[in-house]
Amino acid sequence: KTSASNTDVDKAISQIVEQNGGQDKVEKVLSDLYGLNLTQFKKLVREQLTRDKLNEKLIAKVKVSHILVRVEKAAPQDQVDAAKKKIDGYLTEITGGLGFSDAAKKYSEDTGSAEQGGSLDPFADGEMVPEFSKAAFDGKVGEIVGPVRTDFGWHIIKIEEKTGKINKSFSDWLSNLKNKS
């Protein structure tokens, strides 16, 4: 189901009320600042929740894990080559049986994801640098792709999961729909 249920809306409104000092206070702010009553606000919340659900279900996203060997975008060729040799060695270990997650924890220079075995949050096309995004979307689930060079360095990417159907951002998809009507 892609529309927000009454329960979803009531839950969201309750959270807003709770976090902002109670219903009277929220109603006063809505009225004073936005000229809205609670019923009008509920309608906006329902629209936003529905939009979020559509975005979650329709827009193509990929979940990956990766290993990064950092090398500056403008690094001299010998540094680029040394980083490539390093990541090639990690790839050899992985194909030789070292678990991807273990390799990421041991070797990845992405401090944000290394501890989680290289795991990144799902992303839509265009939300990552182009080379990384293309490799992730072109790969098949379960596949390990790379090494891939980006402005951050060399990556090995493991495709974990793919969801959704529309391979563009939600706002692009929405504007395209609006332009057709």
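Our subject is the structure that appears above.
Residues take numbers from 1 onward in each chain, read along the sequence in its written order. The model is predicted, so local features are restricted to residues of pLDDT at least 70 and side-chain atom pairs to those at 80 or more, both for listing and for counting; the totals for chains, interfaces and linings are taken over all residues. Derived side-chain values reflect all non-hydrogen atoms in the structure, with water molecules and hydrogen atoms excluded from consideration.

J.: Would you mind showing me how to read the overall build of the protein chain here?
T.: Strands are runs of DSSP state E lasting at least 2 residues, helices are runs of H or I lasting at least 4, and numbering of each runs from the N terminus. Scanning the protein chain from terminus to terminus reveals 7 helices and 4 strands. Seen in sequence order, the protein chain has helices and strands lined up from the N terminus as α-α-α-β-α-α-β-α-β-β-α. Note that the radius of gyration is over C-alpha atoms, with the globule rule given as 2.2 Å times the number of residues to the power 0.38. Against the 2.2 N^0.38 benchmark of 16 Å for 181 residues, the protein chain shows a C-alpha radius of gyration of 22 Å, more extended than a compact globule. Projecting the C-alpha coordinates of the protein chain onto the three principal axes gives extents of approximately 65 × 40 × 35 Å. In the protein chain, which comprises 181 residues, the proportion classed as buried is 34%. The long-range share in the protein chain, meaning contacts at least 24 apart out of those at least 6 apart in sequence, stands at 65%. Per-residue accessibility takes into account occlusion by the displayed protein chains alone, with areas from the Shrake-Rupley method and a 1.4 Å probe. A total of about 11200 Å² of accessible surface is found on the protein chain, and carbon and sulfur atoms cover 50% of it. Averaging the positions of the 28 positive and the 28 negative side-chain charges in the protein chain gives two centres separated by 5 Å. The rule is simple: take the accessible area with a 1.4 Å probe, protein chains only, and divide by the maximum for that residue type; under 20% is buried, over 50% is exposed, in between is partly exposed. The criterion used for residue contact is that any of the two residues' heavy atoms lie within 4.5 Å. Neither His nor the chain ends contribute to the count of charged residues, in which Lys and Arg are positive and Asp and Glu negative. One atom stands in for each charge, and that atom is NZ of Lys, CZ of Arg, CG of Asp or CD of Glu.

J.: Hey, could you run me through the pattern of salt bridges in this one?
T.: Opposite charge on two side chains lets them pair, provided their charged atoms get close. Only one rule defines a salt bridge in this text: a Lys or Arg side-chain nitrogen within 4 Å of an Asp or Glu carboxyl oxygen. The tally for this structure, following the rule as stated, stands at 5 salt bridges. Its salt-bridge partner being D10, residue K42 comes within 3.8 Å of it at the nearest N-O pair. One end of the pair, K42, is in helix α3 (residues 38-58); the other, D10, is in helix α1 (residues 6-19), and 32 residues separate them in sequence. Accessibility expressed as a relative area gives 40% for D10, which makes it partly exposed. Between E109 and K86 there is a salt bridge, with its nearest N and O atoms 3.3 Å apart. With E109 in the loop between α5 (100-107) and β2 (123-124) and K86 in helix α4 (residues 77-95), this residue pair connects regions lying 23 residues apart in the sequence.

J.: Looking at this structure, how should I read a nonpolar patch on the surface?
T.: Patch construction takes residues with relative accessible area above 30% that form no salt bridge. Like charges are linked within 9 Å, and nonpolar side chains (Val, Leu, Ile, Met, Phe, Trp, Tyr) are linked within 5 Å. There is a patch of nonpolar side chains on the surface, built from V29, L33 and Y34 and spanning about 330 Å² of accessible area. Here Y34 shows up in helix α2 (residues 23-34). A residue is classified by how much of its surface remains accessible, and Y34, at 56% relative accessible area, is exposed.

J.: Quick question: what am I supposed to make of the sheet that holds strand β4 (residues 153-163) here?
T.: The strands that make up a sheet are held in pairs by hydrogen bonds between backbone atoms, and each pair lies either parallel or antiparallel. With antiparallel pairing, 4 strands are arranged side by side in an open sheet as β2-β1-β4-β3. Here the strands that pair on one side only, and so sit at the sheet edges, are β2 and β3 (144-150). As judged from the 2 bridges shared by strand β1 (residues 61-70) and β2, these two strands associate in the antiparallel manner. Paired with K61 across the bridge in β2 is A124. Set on the sheet, α5 makes contact with β1, β3 and β4; between it and β1 the angle comes to about 40°. Fitted lines through C-alpha atoms serve as axes, helices being fitted only where they are in contact, and the angles separating the N-to-C directions of these axes extend from 0 to 180 degrees. Contacts from helix α6 (residues 130-138) reach β1, β2, β3 and β4, with the element oriented near 40° to β4. Two strands qualify as a pair provided DSSP detects at least 2 bridges between them.

J.: Hey, could you run me through the pairing of β3 in this one?
T.: Within a regular strand, side chains alternate between the sheet's two faces. Pairing geometry for β3 and β4, over 5 bridges, is antiparallel. Considered in β4, the bridge of T150 is made with G153. Between β3 and the antiparallel strand that follows it, β4, lie 2 residues.

J.: I tried to follow the packing of α4 against α5 on my own but got confused; where do I start?
T.: Packed helix pairs are characterised by how far apart their axes lie and by the angle those axes make with each other. Packing of α4 against α5 brings their axes to within 10 Å, and their N-to-C directions diverge by 150°. Relative to α5, the element α4 is oriented roughly antiparallel. You can see that α4 and α5 cross each other, and the crossing is right-handed. Along its contact with α4, which presents Y90, E93 and I94, the element α5 presents F100, A103, K106 and Y107. Here the nonpolar group is Ala, Val, Leu, Ile, Met, Phe, Trp, Tyr, Cys and Pro; Asp, Glu, Lys and Arg are the charged ones; every other residue, Gly included, is treated as polar. Taken together, the residues of the contact of α4 with α5 break down into 5 nonpolar, no polar and 2 charged. By definition in this entry, angles of less than 35 degrees are roughly parallel, angles greater than 145 are roughly antiparallel, angles of 65 to 115 are roughly perpendicular, and the rest are oblique. Put simply, a crossing is left-handed when the front helix is turned counterclockwise from the back one by less than a right angle, and right-handed when it is turned clockwise.

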